[in-house]
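Now for the letters of each chain:
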Amino acid sequence: MIEVEKLSRSYGNRKALDSISFQVPAGSVTGFLGPNGAGKTTTLRVLTSWLLPDPGTEKLWVSGVDLLRQPQLACRKVGALLEQLPLPGELRVCEFLQSRAVLKGVSGNRISSEVERVLGEVDATESSRRGIGTLSQGYRQRIGLADALLGDPPVLLLDEPTRGLDPRQVALFRELIDRLRHQHTIILSSHVLGEVEQICDRVCMISEGQICLDEDREAWTRRLESSGTTRVEVVDGSKEVAAGLASLEGVCEVLTDGAGWILHADRDLRSAIGELARQRKWALSDLRTDRATLESLFLQLTGPGETS
Ligand code: ATP
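Residues numbered from 1 in each chain as written. Predicted model: local features only at pLDDT ≥ 70, side-chain atom pairs only at ≥ 80, totals over all residues. Heavy atoms only, no water.

Any chance you could break down the overall build of the protein chain for me, citing the residues and the numbers?
Scanning the protein chain from N- to C-terminus turns up eleven helices and 14 strands. The C-alpha radius of gyration of the protein chain comes to 24 Å, more than 25% above the 19 Å expected for a compact globule of 308 residues. Along the three orthogonal principal directions, the C-alpha set of the protein chain runs to about 80 × 45 × 35 Å. Per-residue burial over the protein chain gives 46% buried out of 308 residues. Nonlocal contacts in the protein chain, meaning residues at least 24 apart in sequence, comprise 67% of its contacts between residues at least 6 apart. (Helix = DSSP H or I, 4+ residues; strand = E, 2+ residues; numbered from the N terminus. Rg over C-alpha atoms; globule rule 2.2 N^0.38 Å. Buried < 20%, exposed > 50% of the residue type's maximum accessible area, 1.4 Å probe, protein only. Contact = heavy atoms within 4.5 Å.)

Take a look at the structure:
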């Protein structure tokens, strides 16, 4: 579990994070979303102890360890794949991972088996003897993920892990994340909203250093369903049609675009409208629902984004 309370972080006079609070339940995958410059990388860097938070930050716990008081122990609880990893091209994969395992405190007699284990986890066992410089981008990302898994940390922080990968590698990488979700608490920062919608149990949106949404899948799905619109067209429709539509349960607003009506409602209205049309003998010439998407929610909540 990750618990963050009133986390602030400034660069000079500029507050990149302004007293943010959120929790990531153990064993969940949380999508961390926000426009460029919103503060995602800064948050992840603080959680890896790479950056110090500002004084006044109240709580930073990772997997039961207080990162403010025991940063070294907290480091062992967190594996991170941050941005595009600058891997040493001259080393073989196994040499690189062995040196990283030493740095992460894996004991000497366990290093070989640990490297074998993490390569197996990311389906890259066959690359063990290859030079890193010869690997494709997709494989390099997998080696970066293998590095994050060394020492079996309970928390994984993945910053745009599929950026720059081809669609096949993206699909493979998503499969890997899906497999890891059962053993780790994961924060996945991404600009690919479809990816987040597909993989994540929770969504945390950040804008200008502040959290603007923090919901589990059930809550955000409900929110999307309640933010959709339904368009209705009735042959020879009149004001009586508008009044009828407005009387349906769940309708918040009825607007017209000249040819038909657009309904904002907190539920799917299609069957209720069908039933009303049958009762009142309306001939429907159009009936469709546009469900809100995570993308439309993102645009609505995060505003115009970075200005410079
Ligand atoms: P992106 O999606 O572009 O990676 P982000 O959400 O990860 O953006 P951060 O990189 O955390 O955002 O940046 C948050 C704010 O802090 C931005 O205004 C950015 O310009 C600023 N910032 C980040 N790193 C530094 C730095 N080293 N020095 C000064 N300002 C910085």
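Give a description of the sheet that holds strand 14 (residues 284–290) that names residues and reports values.
Remark on secondary structure: sheet strands pair via backbone hydrogen bonds, oriented parallel or antiparallel. With respect to topology, four strands assemble into an open sheet ordered 12-13-11-14, the strand pairing being antiparallel. The open sheet has two edge strands with one neighbour each: strand 12 (251–256) and strand 14. Neighbouring strand axes in the sheet, compared pairwise and without regard to direction, differ in orientation by 20° on average. Relative to strand 13 (residues 261–265), strand 12 runs antiparallel, the two being bridged by five bridges. The residue of strand 13 that forms the bridge with Val254 is Leu263. Set on the sheet, helix 10 (residues 270–280) makes contact with strand 11 (229–234), strand 13 and strand 14; between it and strand 14 the angle comes to about 165°. (Pairing = 2+ DSSP bridges. Axes fitted to C-alpha atoms, helices over the stretch in contact; angles between N-to-C directions.)

Requested: an account of the sheet that holds strand 1 (residues 2–11), with residues and values cited.
Spatially, four strands are ordered 2-1-4-5 in an open sheet, and the strand pairing comes out antiparallel. Where the open sheet ends on each side, the last strands, each with one partner, are strand 2 (14–24) and strand 5 (65–66). Bridge count for strand 1 against strand 2 is seven bridges, and the pairing is antiparallel. Residue Arg9 lies in a different strand from strand 2, and its bridge partner there is Leu17. Of the strands in this sheet, strand 1, strand 2 and strand 4 (59–62) touch helix 1 (residues 40–47), which is tilted by about 115° from strand 1.

Explain the site of the ligand residue by residue, including any values.
Around the ligand, the neighbouring residues are Tyr11, Arg14, Ala16, Pro35, Asn36, Gly37, Ala38, Gly39, Lys40, Thr41, Thr42 and His191. The contact in question runs from an oxygen atom of the ligand to an N or O atom on the backbone of Gly39, over 2.9 Å. Considered on its own, the ligand offers 630 Å² of accessible surface; in the complex 65% of this is hidden by protein. Across the shell around the ligand, the residue classes break down as four nonpolar, six polar and two charged. (Near = heavy atom within 4 Å. Polar contact = N/O pair within 3.5 Å; in protein donor to acceptor, adjacent residues only side chain to side chain. Areas by Shrake-Rupley, 256 points an atom, 1.4 Å probe, with all protein chains shown as cover. Nonpolar A, V, L, I, M, F, W, Y, C, P; charged D, E, K, R; others polar.)

Give a detailed account of the side chain of Lys40, specifying residues and quantitative values.
Inspection of the secondary structure assignment puts Lys40 in helix 1. Although Lys40 is buried, it forms no salt bridge, and the closest oppositely charged side chain is Glu160 at an N-O distance of 5.5 Å. For Lys40, the residues in contact, after removing those within four places along its chain, are Phe32, Leu33, Gly34, Pro35, Ser189, His191 and Ile206. (Lys, Arg positive; Asp, Glu negative; His and termini not counted. Salt bridge = Lys/Arg side-chain N within 4 Å of Asp/Glu carboxyl O.)

Provide a residue-level description of the environment of Glu95, including the pertinent values.
Mapping Glu95 onto the fold places it in helix 3 (residues 93–103). Given the relative accessible area of 35%, Glu95 is considered partly exposed. With 34 residues separating them in the primary sequence, Glu95 and Arg129 have C-alpha atoms 8.4 Å apart. Within the structure, Glu95 has its side chain in polar contact with the backbone nitrogen of Arg92 (distance 2.9 Å).

Can you break down unusual backbone geometry residue by residue, with the values?
Its identity is not glycine, yet Ser63 carries a phi of approximately 45°, on the positive side. Among the structural elements, Ser63 can be located in the loop between strand 4 and strand 5. In this model, Asp152 sits at a positive phi of 55°, which is unusual for a non-glycine residue. Note on placement: Asp152 falls in the loop between helix 5 (137–149) and strand 7 (155–159). Taking the relative accessible area as the measure of exposure, Asp152 reaches 44% and is therefore partly exposed.

So what's going on with the domain arrangement of the protein chain? Residues and values would help.
Segmenting the protein chain into domains produces domain 1 (2–222) and domain 2 (228–291). When each unit is reduced to the centre of its C-alpha atoms, the spacing between domain 1 and domain 2 is 46 Å. (Domains from an automatic or database assignment.)

Explain the pairing of strand 10 (residues 210–216) residue by residue, including any values.
Pairing geometry for strand 9 (residues 202–207) and strand 10, over six bridges, is antiparallel. Within strand 10, the residue paired with Ser207 across the bridge is Gln210. Turn length for the strand 9-strand 10 hairpin, with the two strands adjacent in sequence and antiparallel, is two residues, and the turn residue Glu208 shows positive phi of about 50°.

Give a detailed account of the nonpolar core, specifying residues and quantitative values.
Counting residues in each nonpolar core, the largest one holds 47 residues, and the members touching the most others are Leu33, Leu97, Ile143, Leu145, Val203 and Leu294. At six residues, helix 5 tops the list of elements feeding residues into this core. Not counting chain neighbours up to four residues away, the residues in contact with Leu97 comprise Val115, Val118, Leu119, Ile143, Ala146, Asp147 and Leu150. Core analysis: the second largest hydrophobic core is formed by 25 residues, Val4, Leu51, Leu60 and Leu157 among them. (Core = buried A, V, L, I, M, F, W, Y, C linked by side-chain atoms within 4.5 Å.)

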